[in-house]
Amino acid sequence: KGHVIGVLERRGVAIYENGETAAYHSRLTFDSIKGGEASYSGYCDITFADGSISMTKFQGTAPMVKGKKIIKGTGKYIKGTGRFEGIKGKVSFAGRYVTPYPKDKTKGDVVLEFTSTYTLPKK
């Protein structure tokens, strides 16, 4: 009782500082006991208009803070295609839910801010 384990998939839009946009897709598993902090881990791929893809493996927590769910985590690049072929580096992120987590299909809307550091092989 009070222990929730699940699988979650999210899709959205990634917006970069330079104005470039890409499609965001993540899949993760999570574990939460009695409505407390949830831990999670999963994979995220970001697909750009030119067909290039960057993929990260991540983990993090979603603690409850004064009734609002805050999300934070870290990860590393594990694969890239196109202009991201051979990518290596790390990511960190933090954010929050901006709409509630209802029982309908939306599962709540989330805004995350990512910071990444990566290198690409010389061409």
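Further up the page is the structure itself.
This write-up is about the structure you can find in this document.

### As for the overall build of the protein chain
Thought 1: The secondary structure content of the protein chain amounts to zero helices and eight strands.
Thought 2: Traced from its N-terminal end to its C-terminal end, the protein chain shows the element sequence β-β-β-β-β-β-β-β.
Thought 3: Taking all 123 residues of the protein chain together, the buried fraction comes to 30%.
Thought 4: Taking the intrachain contacts of the protein chain between residues at least 6 apart in sequence as the baseline, contacts between residues at least 24 apart amount to 38%.
Thought 5: Summed over all atoms, the accessible surface of the protein chain reaches about 8,600 Å², with 57% contributed by carbon and sulfur.

### Looking at the side chain of S54
Thought 1: Position of S54 relative to the elements: it lies in strand β4 (residues 53-62).
Thought 2: Look past the residues within four positions of S54 in its chain and what remains in contact with it is C44, D45, I46, F48, Y77, K79, G80 and F84.

### Looking at the packing of aromatic side chains
Thought 1: Counted according to the given criterion, the structure contains eight aromatic pairs.
Thought 2: Relative to F84, the ring of F48 has its centre 5.0 Å away and its plane inclined at 35°; by these criteria the two rings are tilted. In this pair, F48 sits in strand β3 (residues 38-48) while F84 sits in the loop between β6 (68-81) and β7 (88-97), placing the two residues 36 residues apart along the sequence. Take F48 and F84: they sit in the same class, and that class is buried.
Thought 3: Plain terms: the ring middles of F58 and F93 are 6.0 Å apart, the flat faces sit at 85° to each other, and that makes the pair edge-to-face. Within this pair, whereas F58 is found in strand β4, its partner F93 is found in strand β7, the two being separated by 35 residues in sequence.
Thought 4: For F58, a relative accessible area of 6% puts it in the buried group.
Thought 5: When its relative accessible area of 8% is taken as the criterion, F93 is described as buried.
Thought 6: Ring pairing ties together the aromatic residues Y16, F48, Y77, F84 and Y118, which thus form one cluster.

### A short note on the pairing of strand β1 (residues 3-15)
Thought 1: Of the pairings in the sheet, the one linking β1 to strand β2 (residues 21-33) comprises 13 bridges and is antiparallel in character. Looking at β2, one finds that V7 is bridged to T29.
Thought 2: Linking β1 to β2, which pair antiparallel, is a turn of five residues; within it G19 sits at a positive phi near 95°.

Conventions used here
Residues numbered from 1 in each chain as written. Predicted model: local features only at pLDDT ≥ 70, side-chain atom pairs only at ≥ 80, totals over all residues. Heavy atoms only, no water. Helix = DSSP H or I, 4+ residues; strand = E, 2+ residues; numbered from the N terminus. Buried < 20%, exposed > 50% of the residue type's maximum accessible area, 1.4 Å probe, protein only. Contact = heavy atoms within 4.5 Å. Areas by Shrake-Rupley, 256 points an atom, 1.4 Å probe, with all protein chains shown as cover. Phe/Tyr/Trp six-rings, centres within 6.5 Å; stacked < 30°, edge-to-face > 60°. Pairing = 2+ DSSP bridges.

Function cannot be read off these values alone, since they describe shape.
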